[in-house]
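# Reading the structure
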Amino acid sequence: MRSSVEIYSLTTGSSRVVLQTDRLVEAPNYSRDGQFLIVNGDGLLYRIPVSGGELERIDTGFAVTCNNDHGLSPDGGLLAITDKTEFGKAAIYVLRAEGGAPRLVTRNLPSYWHGWSPDGSTLAYCGIRNDVFDIYTIPADGGEERRMTNGEGRNDGPDWSADGSWIYFNSSRTGRMQIFRVRPDGSDVTRITDSLYGDWFPHPSPDGRHLLVLSYDGDVFDHPRDLDVRLRLMDPDGNDARILFELFGGQGSVNVPNWSPDGTAFAYVRYARPA
């Protein structure tokens, strides 16, 4: 089986398998009622019950090159996706959660969605402008983008804290990729991790108690798919960091928000090690 979609419980300290498939699937998001996950595969999006079952395709209209940057709005009514069908470069769209015609949000490209603000009004994303990777926000209804970082290294993977007071992201500004956070107005940039790992894709839990981070070996700069990595849990300020478990994965394992609504579990994908 190439892809194994799994759910880890903080309560039991163990994982259970939701889906195993020969297909490449990536980036599970929880539904707001906790009943199903959304994943992408082959340029399309799918639902799968958390209890297990078959993949059910979500109608994304003309958008058929969707990548692993997608997620539901806080009220569960809308779905943000990243797709390059229309322009040949990654653009962010919003559509109804049940499926339908995508509405363009970002006109500056490429742009890769990563998070909704808790009130559902704003999107956070990684934008590449003149080969520079920075963090941006934009109203979910569209409009002018706002730059949160200013080219200090490569900046990627933004996700909002549950109270909306911080946007977490990973940055190589100090050399090795580490986790930082910034206020939604672009102020008060703070380093969170100072580890020997290459830290990516920070996801604050909905209850505000935890921060989940994907950690590569320290000599890995980018976020490739098929490597030995580990998922680390820490306090929101980076204290009490510990390894939950190791897995074969990386890109596609936890790219976007993946916590259950109650903050007691999270979804991820592990991949089969090549023979």
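Here, the structure is the one placed above.
Report on the accompanying structure.

Cut-offs used in this document
- Residues numbered from 1 in each chain as written.
- Predicted model: local features only at pLDDT ≥ 70, side-chain atom pairs only at ≥ 80, totals over all residues.
- Heavy atoms only, no water.
- Helix = DSSP H or I, 4+ residues; strand = E, 2+ residues; numbered from the N terminus.
- Buried < 20%, exposed > 50% of the residue type's maximum accessible area, 1.4 Å probe, protein only.
- Lys, Arg positive; Asp, Glu negative; His and termini not counted.
- Salt bridge = Lys/Arg side-chain N within 4 Å of Asp/Glu carboxyl O.
- Polar contact = N/O pair within 3.5 Å; in protein donor to acceptor, adjacent residues only side chain to side chain.
- Pairing = 2+ DSSP bridges.

What follows covers the side chain of aspartate 159. Secondary-structure assignment places aspartate 159 in strand 15 (residues 155-160). Of the buried charged residues, aspartate 159 lacks a salt bridge, with arginine 32 as the closest side chain of opposite charge at 8.1 Å. At 2.9 Å, the side chain of aspartate 159 forms a polar contact with the side chain of histidine 203.

What follows covers unusual backbone geometry. If a residue is not glycine, its phi is most likely negative; likewise, a peptide bond is most likely trans. Cis rather than trans, the peptide bond between leucine 109 and proline 110 has omega equal to -5°. Not every positive phi belongs to a glycine, and alanine 27 is a case in point at roughly 55°. Position of alanine 27 among the secondary structure elements: in strand 3 (residues 26-30). Taking the relative accessible area as the measure of exposure, alanine 27 reaches 0% and is therefore buried. Even without a glycine there, the phi angle at phenylalanine 201 is positive, about 50°.

Okay, the pairing of strand 17 (residues 178-182) next. Successive side chains on a regular strand alternate, one facing one side of the sheet and the next facing the other. For strand 17, a buried count of five out of five residues is recorded, marking the element as mostly surrounded by other parts of the structure. On strand 17, burial covers both faces: Gln178, Phe180 and Val182 on one face and Ile179 and Arg181 on the other are all buried. Where strand 16 (residues 167-171) meets strand 17, five bridges bridge the pair, whose relative direction is antiparallel. Paired with tyrosine 168 across the bridge in strand 17 is arginine 181.

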